[in-house]
Structure formats: C-alpha cells, structure tokens
Amino acid sequence: MIDEGIHVVDRNGVTVLYNQQAGQNDGLSPEEVIGRHLLEVFPSLTPATSTLLKVLATGKPIPAHEQTFANYKGQRVTTINSTLPIFHEGELVGAIEVSKDVTRVRELSERVAGLQAALLRPRSRRGAPVGGARYTFDDLVGDHPAMQRLKEQALRAAATDSPVLVYGETGTGKELLVHAIHAASPRRHRPLVAQNCAALPEGLLESLLFGTARGSFTGAEDRPGLFELADGGTLYLDEINSMQPELQAKLLRVLQDGRIRRLGEATERQVDVRIIASTNEEPAAALASGRLRSDLYYRIAVVALEMPPLRRRASDIPLLTDHFLDKHSARLGLPRRPLHPEVEAFFSGTPGRATCASWSTPSRRRCSWPPGRRSGSAISRLPCSGQPRRRSGAAGRMRAGRGPLPQTRGFRPVSCAASWRSWSGRRCGRPWRRRGGT
Ligand SMILES: Nc1ncnc2c1ncn2[C@@H]1O[C@H](COP(=O)(O)OP(=O)(O)OP(=O)(O)O)[C@@H](O)[C@H]1O
Ligand SMILES: [Mg+2]
C-alpha cells in the first residue's frame, strides 16, 4: 500500500480521487469524500486555509507544507503536504495533494528539541562550560602532509567566526574535525549543537532549527530552535546537501544578518551563532546537481576544508592502527595485542588496497567478526572491497533518491578511519582463536 495520502480535486473543489492512506490520515473513508466538495467534508476549512483550494485559486504549487490537526476520529495527526495544480492543455483543471503522516517523527523531534533545550539552557545560564565538543585536534590522528595542511587551516579557522564547510567521504572524520574546531575556538565554553539535515523531513527540520511559537500550528509550543540553543556557540549542520533549497535560502538569510524568526512569530531575534556545515560529496557535484544552492555555498564556504580519504594518506594507517588499538584496549580494559602479521602485511605491504571507497562490506561487524564462523583466513575477514551496496530500512529510504557518490556507485562508501577503528576495536575485544583465525 502507498504510505502517502493522495487527494485530487477537480477545478470546482470536488474530490475525484482519495486513497486509503489519505482516509487514514483524516479518519475518513474514501466513500465519504469522493464526489463531495472539500468544504462540505471539512467544514473547519475555508478557501483561505485549504491548500487545495488555494492552489486552485492561484495555480501555484505549495511545497512541503506541515499541518497538525485533529482528524475525524479525534486523533492528532501531523502531515507534510505538497499541493500541486493540474493543468491540461494549459488550462487549470484541478489540484493534487500528497500528504505524508509524520506524527511519530514530529513527536520524537519535539521531544529531542525539548531535551536539547533542557540540557543546554540552564547550564549555559550558569556560565559553566557547555561546549559539548567531544574531540580536540589531538584526537584527529594523521601526519600525512594533507592532514597537516588540514589541521593548520582548521586551527586558523577556529580562531575566527567565519562559517566553515567541511566535505569528504563518509567516515573520513568530518564530525571529529567540527568538534575539534569548536573546542579550539573562543566559543568552546558555549554550546556545540549538531543537527543532521538528512534525518528529518523538511517541515520538521525548519521548526527544529528556527523554533516555534505557540499556535504556529496546532499543538505547537513556544520553543527555541537550535539557532537559539547554539547562541554564542557553534551550530553544526551535517549533510547540508540534503536540506531543501527553500530552507537553504532561509539559512542564507541567517548567515547574512544573524536574525531568526520562530515559526508563527512576528518578531525576529538576533543570534550569534557560528555555522559549520558538512557534505559527504564534493561541493562542485552538490552545486551541479542543485543539492547545494550556489548563493549559500559562497556564504558558507568562507573556509572550505576537505577531509582527505585514507586511500590518499595511506602512510597514516600505522598511526591510526596504534591509535585505535590503544583506545579500544583501554576502553575494554584488555591488554593490547599486536595486529596479526597477515593483517599488518595486508595494509602496510599493499597500501593501495587500504582505500576507503573500495572497502565495502554490508556491515563492519560482519566483516570483522562473522558470527558463528570459525574458518577462513584473517584477511578474508577484513573490510575488503567488492560487496554490493546494501542499504535498507529507514536510513536507506531517507537517503533514497540522493544517489551514491560517483566514485562509489554501487558500493557503500565505507568509512575510512571509522571502519579501521571499528575493526581494530574488535581485534582488541576478542581473542584471535575465537575468530577462528590463524
Ligand atoms: N583522522 C582520524 N583520527 C582518529 N579517528 C578518526 C579519524 N577519522 C575518523 N576517525 C574515527 O572515525 C569515526 C567516524 O568519523 P566521523 O563520524 O567524524 O566521520 P564523518 O566524516 O562525519 O562520517 P559520516 O559522513 O558518515 O558522518 C570517528 O568517531 C573516529 O573515531
Ligand atoms: Mg558525520
């Protein structure tokens, strides 16, 4: 069954198509709606508040509009609707509305926003460190000239208030770098607030970022958004290339004048927030495909930092190996064991194979420790190349349509240091014999 409600009206506002899911959202059955005028079925609406009637009146689409309402069964439902005019031979003949039920996601995001506000506000008032940076530059392991250059640039950027764009393949340490920049900046005693832009539908992301005023939509509370919570500190917008262009334009305005307006509120508020954004694709590709607005790019990429993938700095592998073996053996309270010689030879003897994008496995766990398997060589359990990309579930669907990076098409771009870290962690945690190793 289609999980989006579809509602089509003719030019007079009479419903001609109304699917089961639309009925579920509204608490009605299609029979109660089809053939009747909108205002007859939904008497609380008016020509000014009904999106379908507005589209019929203007001929203009209303994209990604969030709505919270009590449906006919008395359930409180939040949907994100996109309403489009239907033209036939240049003539407006009707309108279609596609609505997605995001009630649960909305509830959870409200809860997260509430928790974030509770977490950040009282402490920041007391003036205690609320920086929230989990990493510093010391945690960013790598001596390769590319890493040294990156750290120098990032340190210089940390001293300023300039927006920063960090880009690089997944797992190259973008988030780590953002934390390090915040920790090294004069804002380190103020919050570092992070939000993944791919994780939430459009309307929810907007209200989470900008906050809401009571009554801005049914059930909305007076709540600060992440810009306000990050006041004086840093707001990290991960996967900015997933943000809808309309919201990117609003972000651009904040970058220009530092002013935000909560949803449903008339007055603006001044905020002092340093923005750091990241993308997992090259800015040129994001710009070319329209996933990143060029006007936003020029504003945000005042400092653009590229995270070099591990395959371009293979000389860092021994350092990272040491780092992760130390870290995980300390964390697990186990003695540190050296790497298996076969594994060591695999990476150090053939650095070309220690590339990121070619390390491809359905999951790090499976490749580091296939459950129940006791045979096979150490190498065969490494995160090696060639497994087809497998992405399912919510994360996969969320990212569907954005397409893989060109260089990783068909493969999951497995994290570099991240993958190595998880693998070496398991090396510390479990004896070789249990893995059926040599
Ligand atoms: N240079 C590095 N030094 C030490 N650890 C690293 C380095 N790069 C990555 N890591 C490890 O890999 C993990 C993943 O890195 P991080 O989350 O910063 O990657 P990312 O680029 O943000 O990935 P994604 O695009 O998937 O969000 C980190 O928690 C860290 O443990
Ligand atoms: Mg990240």
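Residues numbered from 1 in each chain as written. Chains lettered and ligands numbered in written order. Predicted model: local features only at pLDDT ≥ 70, side-chain atom pairs only at ≥ 80, totals over all residues. Heavy atoms only, no water.

Novice: Just to check I follow, could you spell out the overall build of the chain for this structure?
Specialist: Scanning the chain from terminus to terminus reveals 17 helices and 14 strands. Buried positions account for 48% of the 438 residues belonging to the chain. On the chain, roughly 20900 Å² of surface is accessible, and the fraction owed to carbon and sulfur atoms is 52%. (Helix = DSSP H or I, 4+ residues; strand = E, 2+ residues; numbered from the N terminus. Buried < 20%, exposed > 50% of the residue type's maximum accessible area, 1.4 Å probe, protein only. Areas by Shrake-Rupley, 256 points an atom, 1.4 Å probe, with all protein chains shown as cover.)

Novice: Even after reading the chapter, I still don't get the pairing of strand 1 (residues 4-10), so can you show me in this structure?
Specialist: Two faces, one strand: in a regular strand the side chains alternate between the faces of the sheet. Where strand 1 and strand 5 (residues 91-101) come together, seven bridges link them in antiparallel fashion. By the bridge assignment, Val9 is partnered in strand 5 with Ala95. In terms of strand pairing, strand 1 meets strand 2 (residues 15-18) through three bridges, oriented antiparallel. Among the inter-strand pairings, Val9 is bridged to a residue of strand 2, identified as Thr15. Where strand 1 hands over to strand 2, the hairpin turn is made up of four residues, of which Gly13 adopts a positive phi near 90 degrees. (Pairing = 2+ DSSP bridges.)

Novice: Mind showing me how you'd approach the site of ligand 1 here?
Specialist: Every one of the 21 residues lining ligand 1 counts as a neighbour, but Val141, Thr170, Gly171, Lys174 and Leu176 are closest to it. Taking Val141, its main chain carries an N or O atom lying 2.9 Å from a nitrogen atom of ligand 1. At a separation of 3.1 Å, an oxygen atom of ligand 1 approaches a polar backbone atom of Glu175. Listing elements by their share of the shell around ligand 1, those giving two or more residues are helix 7 (174-184), helix 13 (317-332) and helix 17 (417-429). No other element matches the four residues that helix 13 contributes to the shell around ligand 1. Its residues assigned to classes, the shell around ligand 1 shows nine nonpolar, five polar and seven charged. Two domains each put at least three residues into the shell around ligand 1: domain 2 (104-306) and domain 3 (312-435). (Near = heavy atom within 4 Å. Polar contact = N/O pair within 3.5 Å; in protein donor to acceptor, adjacent residues only side chain to side chain. Nonpolar A, V, L, I, M, F, W, Y, C, P; charged D, E, K, R; others polar. Domains from an automatic or database assignment.)

Novice: Whenever I open this one, the sheet that holds strand 5 confuses me. Can you help?
Specialist: Sheets are built from strands paired through backbone hydrogen bonds, the pairs being either parallel or antiparallel. Pairing within the open sheet is antiparallel, and its five strands lie in the order 2-1-5-4-3. In the strand order of this sheet, the two ends are held by strand 2 and strand 3 (62-70), each with one partner. Direction aside, the axes of adjacent strands within the sheet are offset by 25 degrees on average. Packing against the sheet, helix 4 (residues 51-58) makes contact with strand 1, strand 3, strand 4 (76-88) and strand 5, and its axis sits at approximately 150 degrees to strand 5. (Axes fitted to C-alpha atoms, helices over the stretch in contact; angles between N-to-C directions. Contact = heavy atoms within 4.5 Å.)

Novice: Please explain the nonpolar core as it appears in this structure.
Specialist: Taken as a class, soluble globular proteins show a tendency for nonpolar side chains to be buried jointly. In this structure, Leu209, Phe227 and Leu235 are the most contacted members of the largest nonpolar core, which totals 35 residues. Elements with a minimum of two residues in this core: helix 5 (103-126), helix 8 (202-210), helix 9 (226-229), strand 10 (234-238), helix 10 (245-257), strand 13 (274-279) and helix 12 (294-300). When neighbours within four sequence positions are excluded, Leu209 is seen to be in contact with Gly225, Leu226, Phe227, Leu235, Leu237, Met243 and Leu247. With 19 residues, the next largest nonpolar core counts Phe137, Val166, Val178 and Met307 among its residues. (Core = buried A, V, L, I, M, F, W, Y, C linked by side-chain atoms within 4.5 Å.)

Novice: For this particular structure, what's the right way to read the pattern of salt bridges?
Specialist: Once their charged atoms are close, side chains differing in charge can pair, the charge on each being opposite to the other. Within the structure shown, the criterion is met by 16 salt bridges. For Arg269, the salt bridge identified is with Glu228, shortest N-O distance 3.5 Å. Of the two residues, Arg269 is situated in strand 12 (residues 269-270) and Glu228 in helix 9; the sequence distance between them amounts to 41 residues. The exposure class assigned to Glu228 is buried, which follows from its relative accessible area of 14%. What emerges from the salt-bridge pattern is a single network uniting Glu228, Arg262, Glu265 and Arg269. (Salt bridge = Lys/Arg side-chain N within 4 Å of Asp/Glu carboxyl O.)

Novice: Just to check I follow, could you spell out unusual backbone geometry for this structure?
Specialist: Keep in mind that most residues, glycine aside, have a negative phi and that most peptide bonds are trans. Of note in this structure, Glu89 is not a glycine but carries a positive phi near 50 degrees. Counting through the fold element by element, Glu89 comes out in the loop between strand 4 and strand 5. Judged by its relative accessible area of 75%, Glu89 is exposed. Despite not being glycine, Glu239 shows a phi value in the positive range, around 55 degrees. Along the chain, Glu239 turns up in the loop between strand 10 and helix 10. You can call Glu239 buried: its relative accessible area is 6%.

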